[in-house]
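The chain contents come next:
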Amino acid sequence: MPGLLGKKIGMTSVFSAEGKNVPCTVIEAGPCVVTQVKSIEKDGYEAVQVGFQDKKEKHTTKPLLGHFKKAGVTPKRHLAEFKGFEGELNLGDTLTVELFNDATFVDVVGISKGKGFQGVVKRHGFGGVGQATHGQHNRARKPGSIGACSYPAKVFKGMRMGGQMGGDRVTIQNLQVLKVIVDHNLLLVKGSIPGCKGSIVIIEK
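Predicted model, so just to flag it, every value in this text is computed and none were measured.

Draft legend 1. View of the pattern of salt bridges. For the coordinates displayed, the defined rule picks out 4 salt bridges. Among the salt bridges present, the one from Lys-7 reaches Glu-28, with a minimum N-O distance of 4.0 Å. A residue pair is termed long-range when its members are at least 10 positions apart, and Lys-7 in strand S1 (residues 3–15) and Glu-28 in strand S2 (residues 21–29) qualify at 21 residues. Using a relative accessible area of 24% as the deciding quantity, one classes Lys-7 as partly exposed.

Draft legend 2. Expanded view of the sheet that holds strand S4 (residues 47–54). Read from one edge of the open sheet, 4 strands run S5-S4-S3-S6, paired in antiparallel fashion. The sheet is open, and its two edges are formed by strand S5 (76–82) and strand S6 (94–95), each paired on a single side. Sheet strands in contact with helix H2 (residues 62–71) are strand S3 (32–38), S4 and S5, and its direction is about 95 degrees off that of S3.

Draft legend 3. Spotlight on the nonpolar core. Within the largest apolar cluster, 29 residues are counted, with the highest numbers of intra-cluster contacts made by Phe-100, Val-106, Val-108, Leu-187 and Ile-203. Ignoring any residue separated from it by four or fewer positions in sequence, one finds Val-108 in contact with Ile-27, Val-170, Thr-171, Ile-172, Leu-175, Ile-193, Val-201, Ile-202 and Ile-203.

Draft legend 4. Examining a nonpolar patch on the surface more closely. Taken together, the side chains of Val-155, Met-159 and Met-161 define a hydrophobic patch exposed on the protein surface, amounting to about 220 Å² of accessible area. For Val-155, the position within the fold is in the loop between helix H3 (120–124) and strand S9 (163–165).

Draft legend 5. Expanded view of H2. Among all positions in H2, only Leu-65, Phe-68 and Ala-71 are buried. Buried positions in H2, seen along its axis, are confined to an arc of 125 degrees and lie on one side of it. Pointing more than 90 degrees away from the buried face of H2 are the exposed residues Lys-62, Pro-63, Lys-69 and Lys-70. Check the buried side of H2 and you find it contacts S3 and S5. Positive phi appears at Gly-72, one or two residues downstream of H2, with a value of about 75 degrees.

Draft legend 6. Seen up close, the pairing of strand S10 (residues 169–181). Of the pairings in the sheet, the one linking strand S7 (residues 105–111) to S10 comprises 6 bridges and is antiparallel in character. Along S10, the bridge assignment pairs Ile-111 with Arg-169. Inspection of the sheet shows S10 paired to strand S11 (residues 186–190) by 4 bridges, in the antiparallel sense. Its bridge partner being in S11, Ile-181 is matched across the sheet by Leu-186.

Draft legend 7. Just the environment of Thr-94, in detail. For Thr-94, the position within the fold is in strand S6. We classify Thr-94 as partly exposed; its relative accessible area is 48%. Here Thr-94 is in contact with Pro-31, Cys-32 and Val-33, once residues within four sequence places are set aside.

Draft legend 8. Summary view of unusual backbone geometry. The omega torsion of the bond from Tyr-151 to Pro-152 falls at 10 degrees, within 30 degrees of zero and hence cis. One non-glycine residue, Asn-185, lies in the positive phi region at around 55 degrees. Residue classification places Asn-185 among the buried residues on the basis of a relative accessible area of 18%.

Draft legend 9. Representation of the side chain of Lys-8. Turning to its location among the elements, Lys-8 is positioned in strand S1. Despite being buried, Lys-8 has no salt bridge partner; Glu-28 is the closest side chain of opposite charge, sitting 14 Å away. Among the polar contacts made by the side chain of Lys-8, one reaches the main-chain carbonyl oxygen of Ile-193 at a distance of 3.2 Å. Residues contacting Lys-8, with those up to four places away along its chain left out, are Thr-25, Val-26, Ile-193, Pro-194, Gly-195, Cys-196, Lys-197, Gly-198 and Ser-199.

Draft legend 10. Up close: the packing of aromatic side chains. Within this structure, the stated rule accounts for 1 aromatic pair. Relative to Phe-85, the ring of Phe-82 lies with its centre 6.4 Å away and its plane at 80 degrees, an arrangement referred to as edge-to-face. Residue Phe-82 is classed as buried on the basis of its relative accessible area, which comes to 2%.

Cut-offs used in this document
- All residue numbers refer to position in the chain's written sequence, counted from 1.
- Owing to the predicted nature of the model, reporting of local features is limited to residues with pLDDT of at least 70; listing and counting of side-chain atom pairs is limited to 80 or more, with chain, interface and lining totals taken over all residues.
- Hydrogens are left out, water is left out, and the side-chain values use all remaining heavy atoms of the structure.
- A side-chain nitrogen of Lys or Arg and a carboxyl oxygen of Asp or Glu constitute a salt bridge if their distance falls within 4 Å.
- Under the scheme used here, helices are H or I runs from DSSP no shorter than 4 residues and strands are E runs no shorter than 2 residues, and both carry numbers assigned from the N terminus.
- Exposure categories follow from relative accessible area, calculated using a 1.4 Å probe and restricted to protein chains: below 20% of the type maximum is buried, above 50% is exposed, and the middle band is partly exposed.
- Two strands are counted as paired when DSSP detects at least two bridges linking them.
- What makes two residues a contact is simply this: any of their non-hydrogen atoms within 4.5 Å.
- To get an axis, a line is fitted to the C-alpha atoms, and for a helix only the part in contact is used. The angle between two axes follows their N-to-C directions and goes from 0 to 180 degrees.
- Take the buried Ala, Val, Leu, Ile, Met, Phe, Trp, Tyr and Cys residues and link them wherever side-chain atoms come within 4.5 Å; each set so joined is a nonpolar core.
- Put simply, a patch holds well-exposed residues, over 30% relative accessible area, that have no salt bridge, with like charges counted together within 9 Å and Val, Leu, Ile, Met, Phe, Trp or Tyr side chains within 5 Å.
- In short, Shrake-Rupley with a 1.4 Å probe defines the accessible areas, and a residue's cover is counted only from the protein chains shown.
- Each C-beta atom gives one direction from the helix axis, and the arc is the one those directions make.
- For the purpose of counting charges, residues Lys and Arg are taken to be positive, whereas Asp and Glu are taken to be negative. His and the chain ends are not included.
- N or O atoms within 3.5 Å of each other form a polar contact, as long as, within protein, one can give a hydrogen and the other can take it, and as long as residues adjacent in sequence are counted only when both atoms are side-chain atoms.
- Think of it this way: a Phe, Tyr or Trp ring, Trp meaning its six-membered ring, pairs with another when their centres are within 6.5 Å, and the plane angle makes it stacked under 30 degrees, edge-to-face over 60, tilted otherwise.

The following block contains the structure:
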């Protein structure tokens, strides 16, 4: 699917034509520059690699520096590949938020906020206090028995327990496009998207 790299600016709300107050997320979508065009003959598949946000040369590795110079663009901080662009794109072409002018819905991919080590109540929605099940009756917010007994005398893989929560790659599908502000490269989508303010996201048609 064609798309762009962008940055989450934050959340706000807008009024719809019916007068309803709709919560939305503001994304700075692009401008992105084409840094590589992949073909079936050379790479085995067709795709377009785009770069987002400038980066200083002294902070760029030499292999990447050569990659960007070959494309004739300044070093970029973030790269991503997309398929299915309409029309032919060449190295150095700029893609803007105008790509979504005719889009009604988009998918947004981001990294969710990290929550650190969390217990089973917050991580998996266990009942905690008052749920006297699985051998749990006098310890608040504990998971209770995790299943080990005489047989099979082990804990099965995938058992829901406490652990690292958040910091995962999350895709939110079919977010409605409310507004495209071309002058400022802004895209307004209905609802929330993963990640904190300033985080990098991938927006796909």
